[in-house]
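# Understanding the architecture of this molecule
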Amino acid sequence: MGCCGCGGEEGSDRQWKPLEQRSCTDVLWLLIFILFCVGMAIICGFAIASGAAQRLVFGYDSYGNICGHKNTKIEDIKLSGYDLTDRKNVFFFEPCNWDTLKFKINSVALCVSKCPEMDLNSLEDVRNFANNNGSYLCRYDLKVSEYTSKHLKSCPKLPVKSSKPIPFFHRCVPMDSGCKNIKALATFVSYNSVLQRVITGVMTSKEIIVGLCLMSLVLSMLLMVIIRYISKVLIWILAILTIIGSVGGTAVLWWLYADHKKSLNVDDEVAADNVKALLVYAIVATVITVILLLLMLIMRKRVALTIALFHVAGKVFTHIPLLIFQSLWTFLALAFFWVYWIAVLLLLATAGNPEKKPDGYVEFKVSGPLQYTWIYHLVGLIWISEFILACQQMTIAGAVVTYYFTRDKHNLPATPILSSMCRLIKYHLGTIAKGSFIITLVKIPRMILVYIHSQLQGKENACAKCMLKSCMCCLWCLEKCLLYLNRNAYIASAINGTSFCTSAKDAIVILVENAMRVAAINTVGDFVLLLGKLLIVLITGFVGIILLNYQRDYTVWVLPLIIICLFAFFVSHCFLSIYEMVVDVLFLCFAVDCKYNDGSPGREYYMDKSLMEFMDDSKKAMRSATGNVAEMRSMASGAGNA
């Protein structure tokens, strides 16, 4: 079976065979993933069948009755089975008694027809409210005339604050409450809250928001074109600015050190400490600058490959324009799944069978193994989300691989994206399932550590705190490394049609053989793309400030500006992350092409003309260097004979 379910194509004599006949890879992992998804569907069905949806939306009282519905009698619960079709809101006796661990209110809850719209300071006020509005705030078995101090425990805790129902969820929330836990929620549903003014600002400026969002979309597409046509100038400008900034900063630090030392007073201890600090800063800056200059010197020839890859990536988008929309499909798929996941999680929170508590009230609990379904559900969130993202990477990789290894670009499939997607579904879903599961195995422990750290905030000692942070940092680094490895494994699988483990091994070998090139592409390329994202956000935000400043219909325009900037960053990230993925695929294809082809008849390169020029320049430089070495050896030999 091979490595953890891999196929048996790992033979040492295997060669890279792009786009040739394929077979299904990692079938066992695909079956495991399908069974896991079936389990997710069963959990969803259980949550719906348990009646949780109605209890979640309409709410229920302390006796198991669903508000706004006709209920059936629960055994041993006296006040259950009431017809509450005219009582659609949940009212809490003690809304401030919040259990932070269980995320619920520890209070008697009743179904009422109307939430109190004014403060009720005495039982007489509660009686008057019931008589005037027909909304009874004390226990169901009490008449209005029995709202006396004798039945104080059967009535809400005084004073009763004015409240409003939460839209769509029918819970009465006090508007002016002293408890911190629901103060924010009270503000949220208040008609005169800051949120109302902010939402008014958003609605008033909706044309500006839509217009600027479209502008960020256009800027992202324009930036991709600019990177393609002036990538050489852009990258060298950034490199020169980086060198000037590091050298200039170091020079300024040494000048400040010399100036402070010259004017140093022997008795001034503070000034002496400042001089020592400046000396340390200057030394550190010098070391960093020297390392940076050495890296620039070593990688200066590799930068040409980054420029060529960026240029070819632009051509890829010209031939495969549907690549631009991959982020859109992925976002829609993720949004649909996340909405489903949150809905099922909320349903699980209210699912279960009614159980009588010692105080006589009802609580819905899931007993047995089903009470741990939320853990399964959490794993599903991570695994399926990573699976969707991996499908995007594999689809892009397949389309770009098709482009690269097709000599005549006029013979490309009509829709390389659809061809890649079909190939993924037909052969490589198991590989995607396996790769995404590996990421899940790392993310879950990190999430657990983050949760433990948040729960122990302020309680743990310095040693425990340091250990937790170290573990989280290590897991974060491991996750990033695995994400990078997975991406290259998907690319190798798209080229070769091999299983995940074999593809990962092949990708590691190629990356190690081209370590300096990889470093140049990741540092220079990622830096350029990051600056591009920030540039789009800055331009969009600046235009947004100018336009919003002339709006006089509202006072709060912070939220519209935040929406504009977040959307601009999201759009630019979606576009440029695809660009980054295309560059990574092109690099691995280029490395494979260089390894197994040499340009001779029968072993011609597949690469684009831009990459071919880079190869020719590299060969000329290598031949020149070899000739110089041979000439020096000849001269040395002649001198020795003389």
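Structure's up top.
I will try to describe carefully the structure that is included in this document. (Residues numbered from 1 in each chain as written. Predicted model: local features only at pLDDT ≥ 70, side-chain atom pairs only at ≥ 80, totals over all residues. Heavy atoms only, no water.)

### Things to note about the overall build of the chain
When its secondary structure is counted, the chain shows 16 helices and 8 strands. Across the 642 residues of the chain, 42% fall into the buried class. Pairs at least 24 residues apart make up 71% of the contacts formed inside the chain by residues separated by at least 6 positions. (Helix = DSSP H or I, 4+ residues; strand = E, 2+ residues; numbered from the N terminus. Buried < 20%, exposed > 50% of the residue type's maximum accessible area, 1.4 Å probe, protein only. Contact = heavy atoms within 4.5 Å.)

### A short note on the state of the cysteines
One pass over the structure, following the stated rule, counts 3 disulfides. Between the sulfur of Cys 115 and that of Cys 172 lies a disulfide, 1.9 Å long from S to S. Because the torsion about its S-S bond is -80°, the bridge between Cys 115 and Cys 172 counts as left-handed. One end of the pair, Cys 115, is in the loop between strand 4 (109–112) and helix 3 (123–133); the other, Cys 172, is in strand 6 (residues 172–174), and 57 residues separate them in sequence. Side by side, Cys 115 and Cys 172 carry an identical accessibility label, which is buried. The structure places no disulfide on Cys 565, whose sulfur is separated from the nearest cysteine sulfur, that of Cys 213, by 9.9 Å. For Cys 565, a relative accessible area of 23% translates into the label partly exposed. (Disulfide = S-S within 2.5 Å.)

### Describing the packing of aromatic side chains
Evaluation of the coordinates by the stated rule reveals 20 aromatic pairs. Ring geometry for Phe 310 and Tyr 579: centres 5.6 Å apart, planes at 55°, overall tilted. Separated by 269 residues along the polypeptide, Phe 310 in helix 8 (residues 269–319) and Tyr 579 in helix 15 (residues 558–596) bring together distant segments of the chain. For Phe 310, a relative accessible area of 1% gives the class buried. Where Tyr 490 meets Phe 500, the ring centres are 6.3 Å apart and the plane angle is 55°; that geometry is what we call tilted. Taken together, the residues Tyr 490 in helix 12 (residues 462–496) and Phe 500 in helix 13 (residues 500–513) connect sequence positions 10 residues apart. Each member of the pair, Tyr 490 as well as Phe 500, is classed as buried. Through pairs of rings, three or more aromatic residues link up here, namely Trp 29, Phe 33, Phe 36, Tyr 376, Trp 383, Phe 387 and Phe 437. Over the face of the ring belonging to Phe 364 we find Arg 55, whose NZ or CZ atom lies 3.9 Å from the ring centre. If you follow Arg 407 out to its NZ or CZ, it ends over the ring of Tyr 606, 3.9 Å from the centre. (Phe/Tyr/Trp six-rings, centres within 6.5 Å; stacked < 30°, edge-to-face > 60°. Lys NZ or Arg CZ within 6 Å of the ring centre and 35° of its normal.)

### Quick word on the side chain of Ser 493
Structurally, Ser 493 can be placed in helix 12. Owing to a relative accessible area of 0%, Ser 493 belongs among the buried residues under this scheme. The contacts of Ser 493, once residues within four sequence positions are left out, are Arg 22, Met 394, His 428, Thr 431, Thr 498 and Ser 503.

### Here we look at the nonpolar core
Leu 323, Tyr 579, Val 582, Leu 586 and Leu 611 are the most contacted members of the largest nonpolar core, which totals 56 residues. Counting residues per element, the ones that place at least two in this core are helix 6 (206–229), helix 8, helix 10 (373–404), helix 12, helix 13, helix 14 (515–549) and helix 15. For Tyr 579, the contacting residues outside a window of four places in its chain are Met 224, Ile 227, Arg 228, Phe 310, Ala 313, Gly 314, Phe 317 and Leu 529. Listed in part, the 33 residues of the second largest apolar core include Phe 92, Leu 123, Val 126 and Cys 172. (Core = buried A, V, L, I, M, F, W, Y, C linked by side-chain atoms within 4.5 Å.)

### Side note on helix 9 (residues 326–349)
Taking 1.5 Å per residue as the helical rise, helix 9 with its 24 residues ought to reach 34 Å, and the 35 Å between its terminal C-alpha atoms agrees with that figure. Among all positions in helix 9, only Gln 326, Ser 327, Thr 330, Leu 334, Phe 337, Trp 341, Val 344, Leu 347 and Leu 348 are buried. (Expected span 1.5 Å × (residues − 1).)

### Quick notes on the packing of helix 9 against helix 10
At a minimum axis distance of 10 Å, the contact between helix 9 and helix 10 shows a crossing angle of 175°. With respect to their mutual orientation, helix 9 and helix 10 come out roughly antiparallel. Along its contact with helix 9, which presents Gln 326, Ser 327, Thr 330, Ala 333, Leu 334, Phe 337, Trp 338, Trp 341, Val 344, Leu 345 and Leu 348, the element helix 10 presents Thr 373, His 377, Leu 378, Gly 380, Leu 381, Ile 384, Ser 385, Ile 388, Leu 389, Gln 392, Thr 395 and Ile 396. A breakdown of the residues in the contact of helix 9 with helix 10 according to their chemical character gives 14 nonpolar, 9 polar and no charged. (Axes fitted to C-alpha atoms, helices over the stretch in contact; angles between N-to-C directions. Parallel < 35°, antiparallel > 145°, perpendicular 65-115°, else oblique. Nonpolar A, V, L, I, M, F, W, Y, C, P; charged D, E, K, R; others polar.)

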